[in-house]
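Spelled out, the chains give:
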Amino acid sequence: MTPFVPQDLDRKWQQRWTDDRAFEAAVDPARPKFYCLEMFAYPSGHAHMGHVRNYSIGDVLARMKRMQGFNVLHPFGWDAFGLPAENAAIKHGIHPEASTRGNIAHMKGQLQRLGISYDWDRELATCDPEYYRWNQWLFIRMFEKGLAYRKRSTVNWCPGCHTVLANEQVVDGGCWRCGSPVELREREQWCLRITAYADELLGAIDTLAEWPEKVLMMQRNWIGRSEGARVRFALASDPGTTIEVFTTRIDTIFGSTFVLLAPEHPLVTSFAALAPDPDAFRARVHAFRTQDRAARLSGEVEKDGFDTGQRAVNPFTGASVPVWVANFVLGEYGTGAVMAVPAHDQRDFEFARRFGLPIAAVVTADGARVDPDGLSEAMDAYGTLVDSGPFSGLPSAEAQQRMVAHAGANGFGEGTVQFRLKDWGISRQRYWGTPIPVLFCDTDGIVPVPDADLPVVLPPVAEFTGRGDSPLAQVPAFVNATCPACGGPARRETDTMDTFVDSSWYFYRFADARNNAQAFDPAAVKYWLPVDFYVGGVEHAILHLIYSRFFARVFRDLGMVDHDEPFTHLLTQGMVLKDGAVMSKSKGNVVDPDAMMQKHGADALRLYVVFVAPPEKEIEWTDEGLEGSWRFLARVWRLVDHWSAALVRAGNGPAWETLSLSPDERAVRRKTHGTIHRVTADVGERQQLNTAVSAIMELVNTLYSFSDATMTGPPGAARDADRGGRAERAETVAVMGEAVRALVRLLAPFAPHVCEELWERLGQEGGLRVARWPEYDAAAARVEAIVVPVQVNGKVRSRLTVAANASEADLERLALADAAVMSHVGTKRVRKVVVARGRLVNVVVA
RNA sequence: GCCGAAGUGGCGGAACUGGCAGACGCGACAGACUCAAAAUCUGUUGCCGGUCACCCGGCGUGGGGGUUCGAGUCCCCCCUUCGGCACCA
């Protein structure tokens, strides 16, 4: 008996794979490709169990597809720019470059010890100038097409990180990274026009058939398309000035009894000047703008507002209505102004009641008048219009069409589509990111850096203080430049890009990672992309995954890629918990992957994280579970060890026709092929890795029982010695040989180190890399006899053992002849017999 | 508030289009081996009950109703948990 020491196997086979450059991929049009990708990692310094699970799932797919003959691209890289490295620099004085490189080296070692089959030749880090150079290149292309532009706007400012955040990066009013409450600031920044693709990004969600419904829903929600109309209300005092409102309910416009402006609305400033007490007016506006966001965090915010003293004319009714400022109207959405219809909108209703503003009901269920004084809440349902001039009596839907047409014909409105999605602000006032490649020249304005001068390389910065503006602004040699247009002095942009820019296209770069002439060769991308299988956490459902879909379309419109969607199949894996909580240093519940690998080997760890639950569910870490996986591998080891001498002696097996198998032996073949079928489907089609593993475990259990029944005894049994040495039937050895060789290959994607070793010990040449995935033989898997349960009134009372192809008539006859069945039927009349062929018989009695 | 997902043994989880609920693993219990223990091998393990010896009966997939010969699975109502969005006009 050879002892099972998985740690030795890990070392041996990892070395072999490295020496053989086993997982490097090259374009090969003759073979079908499979691009398997796990979300690349931020090099925090240490891989955690979440990483282990993520990469283990991907590696099972990659290794299986490779054995199935696919040309597999399975790369890895580093999302290496970002704030933590810079914050560490401020705190400890280590340059981000140094700490990042050190972290990468350490984490790469950890992944290699896990035995993930990456093509390390394509490794990249986004902080490589040869990578971020193409961020800059793409930014300039986007600038040329008007997709990158500069805008002064209210931005989310994180006081903890000293930088601006995109809307997607604000979670519950706080910074997604450090949690500090976000402040609003006015700032000029670079934006990417993702809204130009809003409609397409939304519509194409329906084509993402292999994405989790949850993610699609989140994206739909995030884009937030609503159809409606813009309508302009002229000021009563100045008909040349209009207030434009956005509404999805133009059918209620005859009930609009006042107009509300967001505190941020541009007209508010001019109204203040006209007010009897401008200072008091401005003070109230200011109160709204500052109090607003903080108050919203605490939940209930009371609707508040005040009269501007101005009046606007409802273009449909000609009525002059008051204009108020309201704290609940959002400056960033729509036009920043709404027509209030208190009878049909709950918010307006509350506002009107509070301030005694008039209410008019104009859409009711049956088209009859309703007394607004009797309302206790707004009627927001569609219905039939009433008191709406020429539109009275129309149903809401038809009225909306006619009213939009009416507004258009008279020039005071039109139908529009409004999105919740906003353009992506990418300027960050930090050092450790991609420099935005533009120059500011007094004569030529904004001038992009010429392609020939790329990359704009980050200057070495000696000191990180964390104070002041962007660190780059404090480096004169960086800031002071020459205008490429006029040759005069120019000032360089000192903001860097949001790191989500880096991660929005790295999967293209992997297709051609060493290209120094372009971001990637379109031909390589045409071969490898789209990504066939993408695994990562749900936390990227709207950030990374929506940005990447946007960038795919930008590259498409640049003629560099020919698809719309970059990821065909998406799997969002669940988190790894300990004691019901996410592992974290502060909670002290971190389980260190390295320690686990030292204890039980890489394979046991890999197997555990995929076996314990379906990939998309969260899992609870238990040491016992890991030990169970180790035990299973040891069990497989003993089984193969027990039989290997006989199997090697017998070679790869005679033709089945020359053998005459016993029923037990046929049953083993049936189990073997049934398992091949199940594992292939569970991994390849359903990604139910946990049930694939349990199928393999069942096979192993069957082989132990079968060993027990043969003269060899079960592997490792105390009575092993009693039976050892007896001659085995050629048939037994053939059946075992087939089963064991299938077992080792089926298990190989999950536990590659152990399986490589076992494969070698079985006398197989060339390693698992050249081994083919076992082939399913339907004939061998076919069952001869089946057990059919017989129910009486839906309760199982007996079982029949019959030929698999027994007819319905036979089943009915046998069921009614069965003693146990008849004793339950007794003297009752048999009303009918339901036969589900091959499945069940149900005898229904009165 | 709106949208979505999920509730199955002591635990993690199985169950393809309605057809033997609880595969597989963890834990627990027993036997074999051992001076003994560990490891290993072999069993048992949903709950309740009955002259529980390996036999029999009843109940059982969050709760209540329904469709069906038959429901974890389909329909209606309710409860709970988790996730997303949240004054979006």
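Residues numbered from 1 in each chain as written. Chains lettered and ligands numbered in written order. Predicted model: local features only at pLDDT ≥ 70, side-chain atom pairs only at ≥ 80, totals over all residues. Heavy atoms only, no water.

**A closer look at the overall build of chain A**
At step 1: When its secondary structure is counted, chain A shows 27 helices and 34 strands.
At step 2: Structurally, chain A occupies a C-alpha span of about 110 × 85 × 50 Å along its principal axes.
At step 3: Relative to its 846 residues, chain A shows a buried fraction of 54%.
At step 4: In chain A, once contacts between residues fewer than 6 apart in sequence are set aside, the share between residues at least 24 apart is 71%.
At step 5: Carbon and sulfur atoms form 51% of the exposed surface of chain A, whose accessible area is close to 35,900 Å².
At step 6: Between the mean site of the 92 positive side-chain charges and the mean site of the 104 negative ones, chain A shows a separation of 5 Å. (Helix = DSSP H or I, 4+ residues; strand = E, 2+ residues; numbered from the N terminus. Buried < 20%, exposed > 50% of the residue type's maximum accessible area, 1.4 Å probe, protein only. Contact = heavy atoms within 4.5 Å. Areas by Shrake-Rupley, 256 points an atom, 1.4 Å probe, with all protein chains shown as cover. Lys, Arg positive; Asp, Glu negative; His and termini not counted. Charge placed at Lys NZ, Arg CZ, Asp CG, Glu CD.)

**Quick notes on helix 20 (residues 663-686)**
Quick reminder: α-helices carry 3.6 residues per turn. Residues three or four places apart thus point the same way.
At step 1: The end-to-end C-alpha distance of helix 20 is 32 Å, a good match for the 34 Å that 24 residues give at a rise of 1.5 Å each.
At step 2: Of all the residues in helix 20, the buried ones are E665, V668, R669, T672, H673, T675, I676, V679, D682 and V683.
At step 3: Check the buried side of helix 20 and you find it contacts helix 2 (49-67), helix 21 (689-709), helix 23 (730-747) and helix 25 (778-781).
At step 4: One or two steps after helix 20, the chain reaches Q687, where phi turns positive at roughly 55°. (Expected span 1.5 Å × (residues − 1).)

**Structural notes on the protein's contact with RNA strand B**
At step 1: In the vicinity of RNA strand B, 58 residues are found, and the nearest of them are T248, R347, R420, P614 and R799.
At step 2: The sugar-phosphate backbone supplies 68% of the atoms of RNA strand B found within 4 Å of the protein.
At step 3: R631 has a polar side-chain atom sitting 2.8 Å from a phosphate oxygen of RNA strand B.
At step 4: The set of elements that each furnish at least two residues to the surface near RNA strand B consists of helix 7 (213-223), strand 11 (242-247), helix 19 (623-650), helix 21, strand 31 (785-792), strand 32 (795-803), strand 33 (830-836) and strand 34 (840-845). (Near = heavy atom within 4 Å. Polar contact = N/O pair within 3.5 Å; in protein donor to acceptor, adjacent residues only side chain to side chain.)

**Some words on the packing of aromatic side chains**
Aromatic ring pairs are reported here in terms of the distance separating the ring centres and the angle at which the planes meet.
At step 1: Going through the model one piece at a time under the given rule, you end up with 48 aromatic pairs.
At step 2: Where F81 meets W432, the ring centres are 4.9 Å apart and the plane angle is 85°; that geometry is what we call edge-to-face. Linking F81 in the loop between strand 3 (77-78) and helix 3 (83-92) with W432 in the loop between strand 20 (427-428) and strand 21 (438-441), this pair joins segments that are 351 residues apart in sequence. One exposure class covers both F81 and W432, and it is buried.
At step 3: The structure contains a cluster of three or more aromatic residues connected by ring pairs, namely F40, Y131, W505, Y506, F507, Y508, F510, F520, Y534, F555 and F567. (Phe/Tyr/Trp six-rings, centres within 6.5 Å; stacked < 30°, edge-to-face > 60°.)

**Structural notes on the sheet that holds strand 32**
At step 1: Spatially, 32-31-34-33 is the arrangement adopted by the four strands of the open sheet, whose pairing is mixed. On the outer flanks of this sheet lie strand 32 and strand 33, each paired with one strand and no other. Taking each pair of neighbouring strands and ignoring which way they run, the sheet shows an average axis angle of 20°.
At step 2: Most of the contacts of helix 26 (residues 808-817) go to strand 33, to which it runs at about 130°, and overall it touches strand 31, strand 32, strand 33 and strand 34. (Pairing = 2+ DSSP bridges. Axes fitted to C-alpha atoms, helices over the stretch in contact; angles between N-to-C directions.)

**Concerning the confidence of the model for chain A**
At step 1: For chain A, the mean per-residue pLDDT works out to 90, and 96% of the residues sit at or above 70.
At step 2: Across residues 719-726, confidence stays below pLDDT 50; counting only partners more than four residues off in sequence or on other chains, it has 10 contacts.
At step 3: Interface predicted TM-score (ipTM) for the complex: 0.94; the corresponding pTM is 0.92. (pLDDT = per-residue confidence, 0-100.)

**A word on the side chain of R669**
At step 1: Counting through the fold element by element, R669 comes out in helix 20.
At step 2: A residue is classified by how much of its surface remains accessible, and R669, at 9% relative accessible area, is buried.
At step 3: A distance of 2.8 Å separates polar atoms of two side chains, one belonging to R669 and the other to E738.
At step 4: Sequence-distant contacts of R669, defined by excluding residues within four places in its chain, comprise W656, L661, V735, E738, D777 and A780.

**Overview of unusual backbone geometry**
At step 1: Residue L454 is joined to P455 through a cis peptide bond whose omega torsion reads -5°.
At step 2: Looking along the chain, the bond that leaves L529 and enters P530 is cis, with omega of -5°.
At step 3: Look at Q687: it is not a glycine, yet its phi comes out positive at around 55°.
At step 4: Among the secondary structure elements, Q687 is positioned in the loop between helix 20 and helix 21.
At step 5: Look at N793: it is not a glycine, yet its phi comes out positive at around 50°.
At step 6: With respect to the secondary-structure elements, N793 resides in the loop between strand 31 and strand 32.

**Focus on the side chain of R133**
At step 1: With respect to the helices, strands and loops of the structure, R133 is situated in helix 5 (residues 129-144).
At step 2: Ignoring anything within four residues of it in the chain, the contact list for R133 reads L454, P455 and N516.

**Considerations on the sheet that holds strand 19 (residues 424-425)**
At step 1: The antiparallel open sheet is built from four strands, whose spatial order is 6-5-9-19. This sheet does not close on itself; its edge strands, each paired only once, are strand 6 (163-165) and strand 19.
At step 2: Note: strand 5 (residues 148-158) against strand 6, three bridges, orientation antiparallel. Bridge assignment links W157 to a residue of strand 6, and that residue is V164.
At step 3: Those strands touched by helix 5 are strand 5 and strand 9 (183-192), and its axis lies near 90° from that of strand 9.

**Quick look at the pairing of strand 9**
At step 1: Direction of pairing for strand 5 relative to strand 9: antiparallel, over a ladder of 10 bridges. Its bridge partner being in strand 9, A148 is matched across the sheet by L192.
At step 2: Here strand 9 pairs with strand 19 via two bridges, running antiparallel. From the neighbouring strand, C191 faces strand 19, where its bridge partner is G425.

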